[in-house]
Amino acid sequence: MPKPRTKTGEKNLISQRLIELRRENGLSQRDLAEKLQLAGYDMDKNVITRIETNKRYVTDLELKALSEIFNVSYEYLIDGRDSD
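Summarised in this report is the structure supplied together with it. (Residues numbered from 1 in each chain as written. Predicted model: local features only at pLDDT ≥ 70, side-chain atom pairs only at ≥ 80, totals over all residues. Heavy atoms only, no water.)

**A word on the pattern of salt bridges**
Evaluated as defined, the whole model comprises four salt bridges. Residue Arg-22 is joined to Glu-52 by a salt bridge in which the shortest nitrogen-to-oxygen separation is 2.6 Å. Placement of the pair is Arg-22 in helix α1 (residues 15–24) and Glu-52 in helix α3 (residues 45–52), with a sequence separation of 30 residues. Across the pair, exposure class does not vary: Arg-22 and Glu-52 are buried alike. (Salt bridge = Lys/Arg side-chain N within 4 Å of Asp/Glu carboxyl O. Helix = DSSP H or I, 4+ residues; strand = E, 2+ residues; numbered from the N terminus. Buried < 20%, exposed > 50% of the residue type's maximum accessible area, 1.4 Å probe, protein only.)

**Here's the deal with the packing of helix α2 (residues 29–38) against helix α4 (residues 60–70)**
Interhelical geometry of α2 versus α4 gives an angle of 100 degrees and a closest axis separation of 10 Å. Our classification of the angle between α2 and α4 gives roughly perpendicular. For the pair α2 and α4, contact is made by Leu-32, Lys-35 and Leu-36 and by Ala-65, Leu-66, Ile-69 and Phe-70, respectively. (Axes fitted to C-alpha atoms, helices over the stretch in contact; angles between N-to-C directions. Parallel < 35°, antiparallel > 145°, perpendicular 65-115°, else oblique. Contact = heavy atoms within 4.5 Å.)

**Regarding α3**
Taken as a whole, α3 has its buried residues at Val-47, Ile-48, Ile-51 and Glu-52. Mapping the buried residues of α3 onto a view down its axis gives an arc of 125 degrees, with all of them on the same face. Check the buried side of α3 and you find it contacts α1, α2 and α4. Between the side-chain oxygen of the N-cap and the backbone nitrogen of Asn-46 there are 3.1 Å, and the N-cap of α3 in question is Asp-44. (Arc of directions from axis to C-beta. Polar contact = N/O pair within 3.5 Å; in protein donor to acceptor, adjacent residues only side chain to side chain.)

**Comments concerning α4**
By the burial criterion, the buried members of α4 are Glu-62, Leu-63, Ala-65, Leu-66, Ser-67 and Phe-70. For α4, the secondary structure elements touched by its buried residues are α1, α2, α3 and α5 (74–79). At the C-terminal side of α4, Asn-71 shows a positive phi close to 55 degrees.

**So, the side chain of Ser-67**
Note that Ser-67 resides in helix α4. For Ser-67, a relative accessible area of 8% gives the class buried. Setting aside its immediate chain neighbours within four residues, Ser-67 contacts Val-72, Ser-73, Tyr-74 and Leu-77.

**Some remarks on a nonpolar patch on the surface**
Where nonpolar side chains cluster on the molecular surface, the patch consists of Leu-13, Tyr-74 and Ile-78 and spans about 260 Å² of accessible area. Within the secondary structure layout, Ile-78 lies in helix α5. Classification of Ile-78 by relative accessible area gives partly exposed; the value is 30%. (Patch = residues over 30% accessible without salt bridge, like charges linked within 9 Å, V, L, I, M, F, W, Y side chains within 5 Å. Areas by Shrake-Rupley, 256 points an atom, 1.4 Å probe, with all protein chains shown as cover.)

Encoded structure:
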């Protein structure tokens, strides 16, 4: 069974917001990977690159890690808006 993709063929919904958040916070992909690893999440620069270039699906644990690092909601990462 093929894995789900968006209508435009993307493998995740957060790639553009992840790029924006990372840049707004002045972080390189390597810097972000380091922050994630220090917080106990096993995500390296290659994982971040593949998420940002839409070549990789995002797990629930990764979504949780990114929302904690950037202090945003899951809804913001997925939809670009916060829950009310």
